[in-house]
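# Observations on the model geometry
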Amino acid sequence: MANISLEDKYRRAAGVICKQGMVHFPVNDTTISIMKHVLGDDEAELDFIHAFNDKASQTLEELKQSSELPEEMIDHMAMSLARKGLLFNQPSSKGVMVYRILPLMMVGLMEYKFMGELKGDENERRLAELFQTLMEAVRDQIQENYDQLAPMLKSAPPVDRTVPTRTTEDGKTIKIIPLDKDIEVPEEFILPSQSVEEIIDKFEEIAVGHCFCRQRRRVLGDPCDTDAPVKNCFTFGKSARHTAAQGFAEMITKEEARQIMKEAEAAGLVHKAFHPNSKISRPETSICNCCKDCCDTLQLWREGALPLINSTYYLSVINQGACTGCGICVDRCPTEAIQINDDGMAERDEKACFGCGVCARFCPEEAISLKEGWRKVSILPPRLRRSA
């Protein structure tokens, strides 16, 4: 093998990581700096990452061939990279160990690095700054090429799925408007769990870590305006085993999980479930409890970097006759889907509502219901500047 400089190895490794996940990133000074920050000058790990260049998920036998390393060394490298948030090493449903290289973010390095207990040191601050620089660069690229990229952004698959809150602030059940029976539903359609309680009941292994969005914002000196609880980022099944094994989260009981979810709802947080490859027919891997202020998905959308794309089974419906125009729902809505109209009543934009139920939970007049019906919510990022 020809000699390759350390700098070229960083670039190669960054090239592998940057093309993983739903959002691909450029290999540039920022992404290379992230690699240097996380990996140091460990050339063996840089070479090991390059073994995933042609295939992101590999079995042990495949990895022996691609890395040209023995099993003992592969296990050592995999464990080290997993602790650093760059590799997922858990057996498949058939019991075969699979090694999967992770993306920079959504869900990968950034999330895992800020999911555990933080030290509050300079290393964490520098890494948070690098990711912020990366997201700002993505925003600038989107804005500069808005017209060309808009069709692709609009057609992207949902990143996550909203699971609605089901009760009002005083514990009453939010009214549900059933799906019209005349609407045809494909026979093969399987409705995923529509409450966090149902999801919790499905899993024996549940782990909870810190909200990586709120933690990263705090490290950057921008703490959450909502003062929301932080330790409520859930993983399930093998994702729970992975996050707990690497120290990103800790295993908890179902009862503890239910209590944390209740506290999240009391704070007005939005339950967002994640499925493997965004396929809602497959069991959930995690649930985020997102605030309007810090959530990276919402922040990237508001700042013009990425579209807001979500799947949901509910749509808020406002009873104009009961609405007093108090504006609580306007303040609470995470997607700015509700405004006070000229008549002084709350009015909801269907295209922007992802059915989280937060407006219904806090409406003092109980004027908001949730209407059933499967939808994909897709909102392009705002255009912040004119094309050149």
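## Details of the pairing of strand β2 (residues 87-91)
Counting buried positions over the five residues of β2 gives four, a clear majority of the element. The hairpin formed by β2 and strand β3 (residues 97-101) contains five residues between the paired strands, and Gly 95 there has a positive phi angle of roughly 85°.

## Digging into helix α4 (residues 60-67)
Of all the positions in α4, only Leu 60, Leu 63 and Ser 67 are classed as buried. Down the axis of α4, the buried set is contained in an arc of 60°. They therefore lie on one face. Against the buried residues of α4 lie α3 (43-50), β1 (57-59), α5 (71-83) and β3. Backbone geometry just downstream of α4 places Glu 68 in the positive-phi region, at approximately 60°.

## Let's talk about the sheet that holds strand β7 (residues 233-236)
The strand order across the open sheet formed by nine strands is β5-β14-β11-β4-β9-β10-β7-β6-β8, and the pairing between neighbours is mixed. Looking at the sheet topology across the chains shown, the edges are occupied by β5 (176-177) and β8 (250-252). Direction of pairing for strand β11 (residues 308-318) relative to strand β14 (residues 368-379): antiparallel, over a ladder of 10 bridges. Across the sheet, the residue bridging to Leu 315 is Lys 371, located in β14. Its contacts with the sheet place helix α12 (residues 254-266) against β6 (206-209), β7, β8, β9 (270-274) and β10 (286-290), and it is angled at close to 100° to β8.

## Quick notes on the sheet that holds β2
The three strands are arranged β1-β3-β2 in an open sheet whose pairing can be described as antiparallel. Sheet topology places β1 and β2 at the edges, where each strand pairs with a single neighbour. In this sheet, neighbouring strand axes are inclined to one another by 20° on average, regardless of whether the strands run parallel or antiparallel. Bridge count for β2 against β3 is five bridges, and the pairing is antiparallel. From the neighbouring strand, Gln 90 faces β3, where its bridge partner is Val 98.

## Describing the side chain of Gln 58
Examined against the element boundaries, Gln 58 turns out to sit in strand β1. Engagement of the side chain of Gln 58 in a polar contact is seen with the backbone oxygen of Lys 55, the distance being 2.9 Å.

## Some words on the packing of aromatic side chains
Taken as a whole and judged by the stated rule, the model has six aromatic pairs. Between Phe 203 and Phe 236, the ring centres sit 4.9 Å apart and the planes meet at 20°, which makes this aromatic pair stacked. With Phe 203 in the loop between α9 (196-202) and β6 and Phe 236 in strand β7, this residue pair connects regions lying 33 residues apart in the sequence. Residue classification places Phe 203 among the buried residues on the basis of a relative accessible area of 11%.

## Structural notes on the pattern of salt bridges
In total, this model carries 25 salt bridges according to the counting rule given. Among the ionic pairs, Glu 71 bridges to Lys 64, the shortest N-O distance being 3.9 Å. When salt bridges that share partners are traced, they join Lys 9, Arg 12, Glu 43 and Asp 47 into one network.

## Let's talk about the packing of helix α7 (residues 122-144) against helix α10 (residues 212-219)
Each pair of packed helices gets described by two things: the angle between the helix axes and the distance between those axes. As a packed pair, α7 and α10 sit with axes 9 Å apart at the nearest point and diverge in direction by 105°. Relative to α10, α7 is oriented roughly perpendicular. Contacts between α7 and α10 involve Glu 124, Arg 125, Ala 128, Gln 132 and Met 135 on the former and, on the latter, Arg 216, Arg 217 and Val 219. Along the lines of polarity and charge, the residues of the contact of α7 with α10 split into three nonpolar, one polar and four charged.

## Focus: a positive patch on the surface
A contiguous patch of positive charge, built from Arg 100, Lys 238, Lys 279 and Arg 282, is present on the exposed surface. One can find Lys 279 in the loop between β9 and β10.

## Overview of a negative patch on the surface
Together, Asp 342, Asp 343, Glu 347, Asp 349 and Glu 350 make up a negatively charged patch on the protein surface. Tracing the chain through its elements places Asp 349 in the loop between β13 (346-348) and α15 (358-362). A residue is classified by how much of its surface remains accessible, and Asp 349, at 40% relative accessible area, is partly exposed.

Calculation criteria
- Residues numbered from 1 in each chain as written.
- Predicted model: local features only at pLDDT ≥ 70, side-chain atom pairs only at ≥ 80, totals over all residues.
- Heavy atoms only, no water.
- Buried < 20%, exposed > 50% of the residue type's maximum accessible area, 1.4 Å probe, protein only.
- Helix = DSSP H or I, 4+ residues; strand = E, 2+ residues; numbered from the N terminus.
- Pairing = 2+ DSSP bridges.
- Arc of directions from axis to C-beta.
- Contact = heavy atoms within 4.5 Å.
- Axes fitted to C-alpha atoms, helices over the stretch in contact; angles between N-to-C directions.
- Polar contact = N/O pair within 3.5 Å; in protein donor to acceptor, adjacent residues only side chain to side chain.
- Phe/Tyr/Trp six-rings, centres within 6.5 Å; stacked < 30°, edge-to-face > 60°.
- Salt bridge = Lys/Arg side-chain N within 4 Å of Asp/Glu carboxyl O.
- Parallel < 35°, antiparallel > 145°, perpendicular 65-115°, else oblique.
- Nonpolar A, V, L, I, M, F, W, Y, C, P; charged D, E, K, R; others polar.
- Patch = residues over 30% accessible without salt bridge, like charges linked within 9 Å, V, L, I, M, F, W, Y side chains within 5 Å.
- Areas by Shrake-Rupley, 256 points an atom, 1.4 Å probe, with all protein chains shown as cover.
- Lys, Arg positive; Asp, Glu negative; His and termini not counted.
- Charge placed at Lys NZ, Arg CZ, Asp CG, Glu CD.

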